[in-house]
Amino acid sequence: MEAGNLNPMEEEQRRLQEVKTFVKNNLVVANNDTALCGDGRPVADEQRVKETEGAIREFGADLGFVFAVASTLARKKIDISAEEVTNGVIDALLETRGEDSSVYYHTDEESEKKGTIGCGHAARITNIQNESLYAPLTSDYAKKIYDFFISHPKAKKVVLRGGHEDHKEEGVLLVESKNYNLSPQHSVRTTDGMHMFFVADLQRQKEAIGKFFPIFAKKHNISPALYSEEVVKTNLSQMTATASLLAKGLPQFMVKISETQEPEINFLSNVS
């Protein structure tokens, strides 16, 4: 039966099956020592493809974690400079990952040529027109974070193919992959060459924050017990704001990956 002749319930089941097939075909073993943006476009450099396979999908990559911490501190009226927040979060991330690790951000080929911000999350959060969506973090403070981050000696740049016109995402995948004793966590590739999705690893983001934020908090005399969960909530809020700007109208799916690697797919809503 052609898709155009399906009733709404049949159409919903068809769509869920298509997403499930994509997820099953694009499961990758998690690499929790690397973060990569949830942008659906493919990585241009083959070396970076291998380096970031299975990375935590976080809008803005590791830069997104810094934005979330900075906004949480601003909401709690804890006054720390943009440079201190950026360097402090980077130091904490590196401590959880090991001596030879790095932190990541991304751009794209078109933005590289133009000298503009190629990450949609960073570009929106540093734009004064969007301040109400990311408050209390101001665009000026966020731009300072961006500049400090990309100039850090441990920051690695990932270049995605093309430019804005190459966004072909069909939806947003919110992935939950828990730690298992006998089986590793998994992530989902954003594209297989035919289909493309925005991907956010919700469970792994939360776990990463739970590891690095207490280190950051201790060095700045902040109670991690009070604010770790706030950082998780802020991170989700910021990703939701960016999704509303970049993925409005696209369907969102919750993807739960079991120990047997059998994904459970549930439609949530269209991005509003």
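Residues numbered from 1 in each chain as written. Predicted model: local features only at pLDDT ≥ 70, side-chain atom pairs only at ≥ 80, totals over all residues. Heavy atoms only, no water.

Some points on the layout of surface pockets
Roughly 290 Å³ of volume is contained in the largest pocket. Where the lining of the largest pocket is concerned, the elements lending two or more residues are helix H2 (46-52), strand S3 (55-57) and strand S7 (186-188). Its residues assigned to classes, the lining of the largest pocket shows seven nonpolar, five polar and six charged. (1 Å grid on protein atoms, 1.4 Å probe; cavity = no way out; pocket = protein on both sides within 12 Å on 5 of 7 lines; lining within 4 Å. Points joined across faces, edges and corners; volume = space filled by probe spheres on them. Helix = DSSP H or I, 4+ residues; strand = E, 2+ residues; numbered from the N terminus. Nonpolar A, V, L, I, M, F, W, Y, C, P; charged D, E, K, R; others polar.)

So, the state of the cysteines
Enumeration over the complete set of coordinates arrives at zero disulfides. Sulfur of Cys37: no disulfide; nearest cysteine sulfur belongs to Cys119 and is 4.3 Å away. Relative accessible area serves as the criterion here: at 7%, Cys37 is assigned to the buried category. Cys119 sits in the buried class, given a relative accessible area of 2%. (Disulfide = S-S within 2.5 Å. Buried < 20%, exposed > 50% of the residue type's maximum accessible area, 1.4 Å probe, protein only.)

Structural notes on the pattern of salt bridges
For the structure on display, the rule yields 17 salt bridges. A salt bridge links Arg41 to Asp108; its shortest N-O distance comes to 2.9 Å. Highlighted residues: Arg41 in the loop between strand S2 (31-36) and H2 and Asp108 in strand S4 (residues 103-108), separated in sequence by 67 residues. On the basis of relative accessibility, which here comes to 3%, the residue Arg41 falls in the buried class. Accessibility expressed as a relative area gives 4% for Asp108, which makes it buried. The salt bridge involving Asp201 is made with Arg204; its shortest N-O contact spans 3.1 Å. Residue Arg204 is classed as buried on the basis of its relative accessible area, which comes to 2%. Counted as one network, the salt bridges with shared partners bring together Glu11, Arg14 and Glu18. (Salt bridge = Lys/Arg side-chain N within 4 Å of Asp/Glu carboxyl O.)

With respect to the sheet that holds strand S8 (residues 198-201)
As summarised here, the arrangement of the four strands in space is S8-S6-S9-S10, forming an open sheet in which the pairing is mixed. Of all the strands in the sheet, the pair left with one neighbour each is S8 and strand S10 (263-270). Going across the sheet, the axis of each strand differs from the next one's by a mean of 20°, ignoring polarity. When strand S6 (residues 172-177) meets strand S9 (residues 251-257), the two strands line up parallel, connected through six bridges. Paired with Val175 across the strands is Val255, a residue of S9. (Pairing = 2+ DSSP bridges. Axes fitted to C-alpha atoms, helices over the stretch in contact; angles between N-to-C directions.)

Some points on empty space enclosed by the protein
In this structure the tally under the stated criterion is two cavities of 30 Å³ or more. What the largest cavity holds in volume is close to 60 Å³. Looking at the largest cavity, the residues that line it are Cys37, Asp39, Phe59, Gly120, His121, His167, Phe198, Thr242 and Leu246. For the lining of the largest cavity, the secondary-structure elements that each account for two or more residues are helix H6 (120-125) and helix H10 (224-246). Broken down by class, the residue content of the lining of the largest cavity amounts to four nonpolar, four polar and one charged.

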